[in-house]
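# Observations on chain architecture
Here's the letter readout for the chains.
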Amino acid sequence: MIRKISLLIVDDEASVRDSLYKWFKFDGYRVNTAADANAALHELQNNSYDIVLLDIKMPGMDGLELQRRIKQINKNIITIMITAFASVDTSIQALKEGAFDYIVRPIDPDNMSH
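Attention in this report is confined to the structure presented alongside it. (Residues numbered from 1 in each chain as written. Predicted model: local features only at pLDDT ≥ 70, side-chain atom pairs only at ≥ 80, totals over all residues. Heavy atoms only, no water.)

### Quick word on the sheet that holds strand β5 (residues 101-104)
One open sheet accounts for 5 strands, arranged β2-β1-β3-β4-β5; its pairing is parallel. The open sheet has two edge strands with one neighbour each: β2 (30-34) and β5. The average undirected angle you get between the axes of adjacent strands in this sheet is 20°. One ladder, built from 4 bridges, connects strand β1 (residues 6-10) with strand β3 (residues 51-55); its direction is parallel. Residue Leu-7 lies in a different strand from β3, and its bridge partner there is Ile-51. Together, β1, β2, β3 and β4 (78-83) form the strand contacts of helix α1 (residues 14-26), whose direction differs from that of β2 by roughly 170°. Strands β1, β2 and β3 of the sheet are contacted by helix α2 (residues 37-46), whose axis makes an angle of about 165° with β1. (Pairing = 2+ DSSP bridges. Helix = DSSP H or I, 4+ residues; strand = E, 2+ residues; numbered from the N terminus. Axes fitted to C-alpha atoms, helices over the stretch in contact; angles between N-to-C directions. Contact = heavy atoms within 4.5 Å.)

So this is what it looks like as structure tokens:
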């Protein structure tokens, strides 16, 4: 049996979480969501994930800080930053600190899932 890729979606906007959840679930991923960094950290301490999609702009801890904490938990987790507020500075910082990619919303799920 082939193991499904596990994905955690972290975004404070419910509509984004729900859309991404449905798209990736339909594509066969094992998907969970978190509304903020604290919920994501709790999820990461209790479950194993291959990929974390995370929003940069969130209340409380932002996505860049969350990415640092994720890499402390497991440096092999692939992190992909998603944002509606793209900037060269944050994209460079995210990639330097280990993000696999930096994607600007709106997201085309066909470009991400294959």
